[in-house]
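Results of the structural survey
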Amino acid sequence: MKNRFEGLLSIACALLLAGLLLAPAPAYAKKLNVITSTTDMAALAQEVGGDKISVESIAKGYQDPHFVEAKPSFLLKLRNADLLISVGLQLEIGWLPPLITQSGNPRIQPGAGGYLDASQFAQILDIPTGPVSRAMGDVHPLGNPHYWLDPDNGRRLARGIAGKLAEMDPADQAYFQQRLQDFEKRLADAEKRWESGMAPFRGRKIVTYHNSWPNFARHFGLNVAGFVEPRPGIPPSPGHTVELISMMKRENVKVLIMEPYFDSKTPNSIGAATGAKVLILTPSVGGEKEITDYFKLFDYDIGLLTQAFRATQ
Ligand SMILES: [Zn+2]
């Protein structure tokens, strides 16, 4: 039985092989295999790469990108990747470096041609000026890695990624350039829409759970007055929460933003004590089912945010 099955299997393999040899080279054979650490990088790569690349993110959009559980399937994806795009600035320091090493794929090791740290293209905020110590919490010592939440950085990232794709696949350079131009045009139109939606709320104060929104706040003229975390990456403490509540009352902060993957217990009690609206915004593409691309990410977050601002005038 086993032998017969193996016999059939080898016939099937031979047929498959013959088919591959005889058939004209399929279009997908040329596709660059791109793996990204997060969905936002995948969304931007997809915008400029179109059907000349296949792209997949390791982290899901609803996961905390600081903490992603390494799965064996990730190793297989990384082993076959031509290009790995990471957010960088140590966002993925807890999980990505060991995966890259263990993948054994020389193309995507840091410093190799298939490793792209996208932070080099972005405008980076919160770069510490003094020495960084453990007492400051789980602070990102190279600057804030949540930079994709400024659409101007989205444009810079798309340009950088398009350049990298053209370098790896020079035959399709014109295609990537065309895709980039189209993306930039659609982004410029969307930015007008987003900015006019947010314009009435310039200067509004918000509190955020983690320091994930400085680029977003800067772009849209919001004022981040404080954080639910006492220090980055450190869970809420009663003492800090009491201080935060009195600051929010004093400063009249009426909107608190948290990511879907944090515990809502403390934000909800802060909301109850201050009358602030607790808003769950997703920082990443794929954080909600309908957020299928970079544009829908801003559409979704800005939609909820402007609604909350209007309700708390
Ligand atoms: Zn962070």
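Scroll up a little and you will see the structure.
Our subject in this report is the structure included herewith. Worth saying up front: this structure is predicted, and the values here are computed from it rather than measured.

Turning to the environment of Phe 121, a few remarks are in order. Among the secondary structure elements, Phe 121 is positioned in the loop between strand E4 (115-117) and helix H5 (151-168). C-alpha of Phe 121 to C-alpha of Ala 158: the two residues are 37 residues apart in sequence and 8.9 Å apart in space. Non-local contacts of Phe 121, meaning those with residues more than four positions away in its chain, are made with Leu 116, Arg 156, Leu 157, Gly 160 and Ile 161.

Time to look at the packing of aromatic side chains. Tallied over the full model, the rule gives 13 aromatic pairs. Centroid distance Phe 216 to Phe 220: 4.9 Å. Interplanar angle 50°. Geometry classified as tilted. One end of the pair, Phe 216, and the other, Phe 220, are both in helix H7 (residues 214-220), four residues apart, so they sit about a helical turn from each other. Among the residues examined, Phe 216 registers a relative accessible area of 1% and is labelled buried. Centroid distance Tyr 294 to Phe 298: 5.1 Å. Interplanar angle 75°. Geometry classified as edge-to-face. Highlighted residues: Tyr 294 and Phe 298, both in helix H10 (residues 294-311), separated by four residues, approximately one helical turn.

Now for H10. Look at H10: 26 Å from first C-alpha to last across 18 residues, which is about the 26 Å you get at 1.5 Å a residue. Among the residues of H10, the N-terminal cap falls to Asp 293, whose side-chain oxygen and the backbone nitrogen of Phe 295 are separated by 3.1 Å.

Turning next to the pattern of salt bridges. Inspection of the entire model under this criterion finds 13 salt bridges. Residue Glu 191 is joined to Arg 155 by a salt bridge in which the shortest nitrogen-to-oxygen separation is 2.3 Å. Remark: Arg 155 occurs in helix H5 and Glu 191 occurs in helix H6 (residues 173-198); sequence separation between them is 36 residues. Among the ionic contacts, a cluster of salt bridges with common partners joins Glu 47, Asp 182 and Arg 186.

Cut-offs and rules
- Residues numbered from 1 in each chain as written.
- Predicted model: local features only at pLDDT ≥ 70, side-chain atom pairs only at ≥ 80, totals over all residues.
- Heavy atoms only, no water.
- Helix = DSSP H or I, 4+ residues; strand = E, 2+ residues; numbered from the N terminus.
- Contact = heavy atoms within 4.5 Å.
- Phe/Tyr/Trp six-rings, centres within 6.5 Å; stacked < 30°, edge-to-face > 60°.
- Buried < 20%, exposed > 50% of the residue type's maximum accessible area, 1.4 Å probe, protein only.
- Expected span 1.5 Å × (residues − 1).
- Polar contact = N/O pair within 3.5 Å; in protein donor to acceptor, adjacent residues only side chain to side chain.
- Salt bridge = Lys/Arg side-chain N within 4 Å of Asp/Glu carboxyl O.

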